[in-house]
Amino acid sequence: QSVLTQPPSVSEAPRQRVTISCSGSSSNIGTNAVNWYQQLPGKAPKLLIYYDDLVPSGVSDRFSGSKSGTSASLAISGLQSEDEADYYCAGWDDSLNGWVFGGGTKLTVL
Amino acid sequence: EVQLLDSGGGLVQPGGSLRLSCAASGFTFTSYAMSWVRQRPGKGLEWVSAISGSGGSTYYADSVKGRFTISRDNSKNTLLLQMNSLRVEDTAIYYCTKDSDTAPAGAFDIWGHGTMVTVSS
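Because the structure is a prediction, the values reported are computed rather than measured.

Criteria and thresholds
Residues numbered from 1 in each chain as written. Chains lettered and ligands numbered in written order. Predicted model: local features only at pLDDT ≥ 70, side-chain atom pairs only at ≥ 80, totals over all residues. Heavy atoms only, no water. Helix = DSSP H or I, 4+ residues; strand = E, 2+ residues; numbered from the N terminus. Rg over C-alpha atoms; globule rule 2.2 N^0.38 Å. Buried < 20%, exposed > 50% of the residue type's maximum accessible area, 1.4 Å probe, protein only. Contact = heavy atoms within 4.5 Å. Areas by Shrake-Rupley, 256 points an atom, 1.4 Å probe, with all protein chains shown as cover. Core = buried A, V, L, I, M, F, W, Y, C linked by side-chain atoms within 4.5 Å. Pairing = 2+ DSSP bridges. Axes fitted to C-alpha atoms, helices over the stretch in contact; angles between N-to-C directions. Disulfide = S-S within 2.5 Å.

**Some words on the overall build of chain A**
Counting secondary structure elements, chain A contains zero helices and nine strands. Order of helices (α) and strands (β) in chain A, N terminus to C terminus: β-β-β-β-β-β-β-β-β. Its C-alpha atoms give chain A a radius of gyration of 13 Å, within 12% of the compact-globule value 13 Å for 110 residues. Projected onto its principal axes, the C-alpha coordinates of chain A cover approximately 40 × 30 × 25 Å. Within chain A, the proportion of its 110 residues that are buried is 45%. Here the analysis covers contacts within chain A between residues at least 6 apart in sequence; of these, 58% occur between residues at least 24 apart. Total accessible area on chain A stands at roughly 5,100 Å², and carbon and sulfur atoms take up 46% of it.

Okay, structure coming up:
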């Protein structure tokens with residue numbers, strides 16, 4: 001059971017928009033920044049969004065992040081087949097004094 | 001080029017020990033916290049341990065506390081993870097990661113390719 005809660009899977013058609021939710025608590029998302037990671041099949045994870053809504057250099061602006069209270073969301077617009085991957089949210093937890101991850105969401109582009 | 005090369009994985013019996021290494025290059029190693037993150041076969045990501053840029057502060061997940069020790073050799077730009085009393089459930093790919101901050105509170109902006117640890121009799 002992960003500390004942060006994500007839907008196990010989402011699916012959407014190409015060129016559409018999809019959102020992935022991440023629910024936490026006051027000791028993690030409610031207090032600290034949320035980061036999102038993309039893991040393509042067979043690859044190491046890659047930073048996708050950091051500090052809630054910042055996009056690293058080199059990452060497509062089709063990816064965006066937001067946060068409200070103890071929940072965060074990742075949005076992907078203009079879906080492409082290469083977006084098929086596992087997506088993880090993560091943040092520092094003050095109570096556990098460590099990083100916590102969501103269980104991951106598998107994105108399927110129909 | 002910023003790069004992390006993790007190594008040291010392998011097959012070990014339950015109760016055994018293993019030491020993972022991560023060679024960093026392309027950035028000022030002492031300026032950033034580092035972490036180990038693992039992924040059990042077919043499962044999600046799990047943070048294991050973190051260390052501050054100076055090495056003065058260390059952090060552990062409850063699942064490994066008392067068995068694993070994280071350290072860094074800033075003179076050699078190397079991150080280490082000493083794993084003792086290994087259990088079958090420690091079987092996973094272990095990723096070395098760089099934090100974007102001196103303390104472990106930023107984001108894992110660089111990842112190694114991972115090294116596989118298999119604990120089995």
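**Examining the nonpolar core**
For soluble globular proteins, the rule of thumb is that nonpolar side chains tend to be buried together. Counting residues in hydrophobic clusters, the biggest one holds 25 residues, and the most contacted among them are Met34, Trp36, Phe68, Leu79, Leu81, Met83 and Tyr94 of chain B. For this core, the secondary structure elements donating two or more residues are β3 (18–25), β4 (34–39), β5 (45–51), β7 (68–73), β8 (78–83), β9 (92–99) and β11 (115–119) of chain B. Counting residues per element, this core draws most heavily on β3 of chain B, which supplies four residues. Once residues lying within four places of it in the same chain are set aside, the contact partners of Tyr94 of chain B are Asp6, Leu20, Trp36, Val37, Arg38, Val48, Phe68, Leu81, Met83, Gly114, Thr115 and Val117 of chain B. Judged by nonpolar contacts, the second largest core, of 22 residues, contains Leu4, Phe63, Leu74 and Val109 of chain A.

**Section: the sheet that holds β7 of chain B**
Strand-to-strand pairing in sheets goes through backbone hydrogen bonds, with the strands running parallel or antiparallel. All names here are of chain B. Strand order in the open sheet made by the four strands is β1-β3-β8-β7, with antiparallel pairing throughout. Edge positions in the sheet fall to β1 (3–7) and β7, since each of these pairs with one other strand and no more. This sheet shows a mean twist of 15 degrees between the axes of neighbouring strands, independent of strand direction. Pairing of β3 with β8, which is carried by six bridges, proceeds in the antiparallel orientation. Across the sheet, Leu20 pairs through a bridge with Leu81, a residue of β8.

**Regarding the state of the cysteines**
Summed over all chains, the structure comprises two disulfides over all chains. What pairs with Cys22 of chain A in a disulfide is Cys89 of chain A, and their sulfur atoms sit 2.0 Å apart. Residues Cys22 of chain A and Cys89 of chain A share a disulfide whose torsion about the S-S bond is about 75 degrees; that sign makes it right-handed. Highlighted residues: Cys22 of chain A in strand β2 (residues 18–23) and Cys89 of chain A in strand β7 (residues 85–93), separated in sequence by 67 residues. The same class applies to Cys22 of chain A as to Cys89 of chain A, namely buried. Between Cys22 of chain B and Cys96 of chain B runs a disulfide, and the two sulfur atoms are separated by 2.0 Å. Its S-S torsion of approximately -70 degrees makes the covalent link between Cys22 of chain B and Cys96 of chain B left-handed.

**What to know about unusual backbone geometry**
Residue and element names in this part refer to chain A. Of note in the backbone geometry, Arg15 takes a positive phi value of approximately 75 degrees without being a glycine. With respect to the element layout, Arg15 can be found in the loop between β1 (9–12) and β2. On the accessibility criterion, Arg15 (69% relative accessible area) is exposed. With a phi close to 55 degrees, Asn97 is a non-glycine residue in the positive phi region. Within the element layout of this structure, Asn97 appears in the loop between β7 and β8 (98–101).

**Thoughts on the sheet that holds β2 of chain A**
All names here are of chain A. On the basis of which strands lie adjacent, the open sheet formed by three strands has the order β2-β6-β5 and antiparallel pairing. Pairing within the sheet leaves two strands with one partner each, and these edge strands are β2 and β5 (63–68). Between one strand and the next, the sheet's axes are offset by a mean angle of 20 degrees, whatever the strand orientation. With six bridges connecting them, β5 and strand β6 (residues 71–76) associate as antiparallel partners.

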